[in-house]
Amino acid sequence: MVLATNSDSDEHLHSTFASRYVRAVVPRFKMPDHCMPKDAAYQVINDELMLDGNPRLNLASFVTTWMEPECDKLIMDSVNKNYVDMDEYPVTTELQNRCVNMIANLFHAPVGEGEAAIGCGTVGSSEAIMLAGLAFKRKWQHRRRAQGLSTDKPNIVTGANVQVCWEKFARYFEVELKEVKLSEDYYVMDPTKAVEMVDENTICVAAILGSTLTGEFEDVKLLNDLLAEKNAETGWETPIHVDAASGGFIAPFLYPDLEWDFRLPWVKSINVSGHKYGLVYAGVGWIVWRTKDDLPEELVFHINYLGADQPTFTLNFSKGSSQIIAQYYQFIRLGFEGYKNIMENCMDNARRLREGIEMTGKFHILSKDIGVPLVAFSLKDSSKHTVFEIAESLRKFGWIIPAYTMPADAQHIAVLRVVIREDFSRGLADRLITHIIQVMKEIEGLPSRIAHLAAAAAVSGDDEVKVKTAKMSLEDITKYWKRLVEHKRNIVC
């Protein structure tokens, strides 16, 4: 039934799908000239969002996809609070400071009883890493200038397995990124090689607690010991930053005796993602410094136009308060015991998935027993089919599983990776194993693209084509499948 009005712009239909608004072309480049009813606007957008993948089945992401309804309510109740308005929202600021104190305590920062830790909330670990890098660069510049030395060529030493935000920092803030190359069966930074690359212009060495590629923890203890020796020999005072985006909320609960944090004297700052295993929706990270001396005071801005003096050290300004409040909720709701139980459950499900994948006899497992709860695996035989075919075929069941090649010098290795989050149950693990087995049977019955190209080269009689085909690397094949996956991404099965 149509409710008639005097104006087309005021048109309202009891049946949304009979409305002219859902029959019109969706605006893409220009704001529409006229308004539409709120229910029609909602339906138009909601229908398009149906084509997105299911976040719970997105096993590519480390980011939290489920929280309790009580926390969802807190998030919605505070979604209109601007995090930077500290004078207007002093309790929100206090909750942020409590979170910083709790994280610093978890990471064994040398903070006295009742003493406030040094750190802040950020928009994920990317901003946290930018802030840490700026602090290291400024500290290094001070030392060099005090010695009358040049500050023209700062560098950071990392593994080639670092997340892209490190490359962004290096490019945006004019710091050379010196990468320790990987090798087959060793997919993290080698501490010995890293320290060998350190020179007088190194502002810090970045270690990863939980590699994005395989979940493995780098040996921060060995790095600290080797760097201590070199610093003693040279007097350079090169520090360590630990990128604990993924592992910072895992190691304290599952591996409490592992020394990777502020227990090591050359570790000066640590970042961690609250929106990963901190169990908060996307949009929150944390950066904590060892002491106040490790954060140069001139990097901290003081503003008063919002009503009171407010110290701020961020690359962002206005942002929502919801994720900060959600983080505090998780800390007091779960406590140490709750986080420990959740991480143990994640590891149990990762082991179950790993065992099921191994039982197929088709894959090598690249991830380690100690690290982030994920399973990274590669095909034993890639001569006929690739991991990119497997990733594409699994999408028909709804699974989003990434396939990728390793960085230099292990780029000939192509892998699949399944991240185990809090909401990935034993039942889902068993179902995924069943689907992997089914997909393997299906693709093994398909003709091999590699064999097809080789046959075409042989028929052509062209020696140049034969040589090119014979030398076709796994990287060439994976590029093809990446393009195919990208092309199919917006197609609904």
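See above for the structure.
Residues numbered from 1 in each chain as written. Predicted model: local features only at pLDDT ≥ 70, side-chain atom pairs only at ≥ 80, totals over all residues. Heavy atoms only, no water.

### Some thoughts on the environment of C204
Part 1: Along the chain, C204 turns up in strand β6 (residues 202-208).
Part 2: Exposure remark for C204: the relative accessible area of 0% places this residue in the buried category.
Part 3: For the pair formed by C204 and I240, sequence separation is 36 residues and the distance between their alpha carbons is 5.4 Å.
Part 4: With sequence-adjacent residues up to four places away left out, C204 is seen in contact with F136, N155, I156, V157, T238, P239 and H241. (Helix = DSSP H or I, 4+ residues; strand = E, 2+ residues; numbered from the N terminus. Buried < 20%, exposed > 50% of the residue type's maximum accessible area, 1.4 Å probe, protein only. Contact = heavy atoms within 4.5 Å.)

### Some details on the packing of helix α10 (residues 387-394) against helix α11 (residues 426-444)
Part 1: Contact pair α10 / α11: the axes reach a minimum separation of 10 Å and the direction vectors enclose 120°. Taken together, α10 and α11 sit at an angle that is classed as oblique. For the pair α10 and α11, the sense of crossing is right-handed. Between α10 and α11, the contacting residues are I390, S393 and L394 on the first element and H435, I436, V439, M440 and I443 on the second. (Axes fitted to C-alpha atoms, helices over the stretch in contact; angles between N-to-C directions. Parallel < 35°, antiparallel > 145°, perpendicular 65-115°, else oblique. Left-handed = near helix turned anticlockwise from the far one by under 90°.)

### A closer look at the pattern of salt bridges
Part 1: All chains considered together, the criterion is met by 19 salt bridges.
Part 2: In this structure, R354 engages E358 in a salt bridge whose closest nitrogen and oxygen atoms are separated by 3.7 Å. Linking R354 with E358, this pair stays in helix α9 (residues 322-359), spanning four residues, or about one helical turn.
Part 3: Of the charged contacts in the structure, one is a salt bridge between E442 and K396, with a shortest N-O distance of 2.5 Å. Residue E442 is found in helix α11, and its partner K396 is found in the loop between α10 and β14 (403-405); the two are separated by 46 residues along the sequence.
Part 4: Overall, K396 belongs to the partly exposed group, its relative accessible area being 45%.
Part 5: Beyond isolated ion pairs, a larger network of salt bridges with shared partners links R56, R421 and D423. (Salt bridge = Lys/Arg side-chain N within 4 Å of Asp/Glu carboxyl O.)

### A closer look at the environment of E422
Part 1: Here E422 is to be found in the loop between β15 (414-419) and α11.
Part 2: Relative accessible area serves as the criterion here: at 25%, E422 is assigned to the partly exposed category.
Part 3: As a C-alpha pair, E422 and M343 span 79 residues in sequence and 7.6 Å in three-dimensional space.
Part 4: Not counting residues within four places of it along the chain, the set of residues in contact with E422 comprises W66, L279, I342 and C346.

### Focus: empty space enclosed by the protein
Rolling a probe over the atoms, with the probe sized like a water molecule, indicates the empty space that remains.
Part 1: Per the counting criterion, the structure on display carries three cavities of 30 Å³ or more.
Part 2: Volume-wise, the largest cavity comes out at about 100 Å³.
Part 3: M347, A350, R351, R354, S367, K368, D369, V372, L374 and V375 together form the lining of the largest cavity.
Part 4: For the lining of the largest cavity, the secondary structure elements donating two or more residues are α9 and β13 (374-379).
Part 5: The element best represented in the lining of the largest cavity is α9, accounting for four residues.
Part 6: Taken together, the residues of the lining of the largest cavity sort by class into five nonpolar, one polar and four charged.
Part 7: As a volume, the second largest cavity reaches approximately 50 Å³.
Part 8: Every residue lining the second largest cavity is listed: F62, T64, T65, W66, K276, Y277, L279, R421, E422 and D423.
Part 9: Here the residues of the lining of the second largest cavity sort into four nonpolar, two polar and four charged. (1 Å grid on protein atoms, 1.4 Å probe; cavity = no way out; pocket = protein on both sides within 12 Å on 5 of 7 lines; lining within 4 Å. Points joined across faces, edges and corners; volume = space filled by probe spheres on them. Nonpolar A, V, L, I, M, F, W, Y, C, P; charged D, E, K, R; others polar.)

Function cannot be inferred from these measures alone, as they are strictly geometric.
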